[in-house]
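As a plain string of letters, each chain reads:
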Amino acid sequence: MFSWRDSMGHIWPLVKNSALKFINDILQHQGFGTTFGHSFHIGGASFLLAQKVDPEIVRLAGCWRLLAYEAYIQAFELVASRHISGLLLSA
């Protein structure tokens, strides 16, 4: 699905390890820490939930285990409600 072109013009698939190395090289060059694939897994789930995708669909699509997913959903709902409250207070 994702790919990149090297200096010789060859097209290579962008696999998880290569993508994380590329992203982490940029982050480290800018003085930030590194990231792990799980960060994108959580971010993708958060994005879909914010778009009002059915939580069961998100769980199945992300291959989440039920208990881990339920704990994550509760944390997401808490953070989202605090964020919305802050937006309403600052308006």
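Please read these numbers as outputs of a predicted model, since none were measured by experiment.

Further remarks concern the pattern of salt bridges. The final tally for this structure, using the stated rule, is two salt bridges. Aspartate 25 is paired through a salt bridge with lysine 21; the nearest N and O atoms lie 2.8 Å apart. Separated by four residues within a single helix, aspartate 25 and lysine 21 lie in helix H1 (residues 16–29), roughly one turn from each other. Here glutamate 56 and arginine 59 are joined by a salt bridge, their closest N and O atoms 2.8 Å apart. Note that glutamate 56 and arginine 59 are positioned in helix H3 (residues 55–61) at a spacing of three residues, about one turn of the helix. What makes glutamate 56 partly exposed here is its relative accessible area of 38%. Residue arginine 59 is classed as buried on the basis of its relative accessible area of 16%.

Between its first and last C-alpha, H1 extends 20 Å over 14 residues, near the 20 Å set by a 1.5 Å rise per residue. Buried within H1 are the following residues: Ala19, Leu20 and Asn24. Along the axis of H1, the buried positions cluster into a sector of 120°, meaning they face one direction only. Every exposed residue of H1 that faces more than 90 degrees away from the buried side is listed here: Lys21, Phe22 and His29.

Glancing now at a nonpolar patch on the surface. Taken together, the side chains of Phe2, Trp4, Trp12 and Leu14 make up a nonpolar region of the molecular surface, amounting to roughly 440 Å² of accessible area. Overall, tryptophan 12 belongs to the partly exposed group, its relative accessible area being 42%.

Turning to the side chain of asparagine 24, a few remarks are in order. Secondary-structure assignment places asparagine 24 in helix H1. Other than its neighbours up to four places away in sequence, asparagine 24 contacts Thr34 and Thr35.

For the rest of this paragraph, the subject is the nonpolar core. Judged by nonpolar contacts, Ala45, Leu49, Val58, Trp64, Tyr69, Tyr72 and Ile73 together constitute the single largest core of seven residues. Counting only elements with at least two residues in this core, the list comes to helix H2 (37–50) and helix H4 (66–90). Considering each element in turn, this core owes the most residues, three residues, to H4. Those residues in contact with alanine 45 that sit more than four places away from it in its chain are Val58, Trp64 and Tyr72.

What counts, and at which threshold
Residues numbered from 1 in each chain as written. Predicted model: local features only at pLDDT ≥ 70, side-chain atom pairs only at ≥ 80, totals over all residues. Heavy atoms only, no water. Salt bridge = Lys/Arg side-chain N within 4 Å of Asp/Glu carboxyl O. Helix = DSSP H or I, 4+ residues; strand = E, 2+ residues; numbered from the N terminus. Buried < 20%, exposed > 50% of the residue type's maximum accessible area, 1.4 Å probe, protein only. Expected span 1.5 Å × (residues − 1). Arc of directions from axis to C-beta. Patch = residues over 30% accessible without salt bridge, like charges linked within 9 Å, V, L, I, M, F, W, Y side chains within 5 Å. Areas by Shrake-Rupley, 256 points an atom, 1.4 Å probe, with all protein chains shown as cover. Contact = heavy atoms within 4.5 Å. Core = buried A, V, L, I, M, F, W, Y, C linked by side-chain atoms within 4.5 Å.

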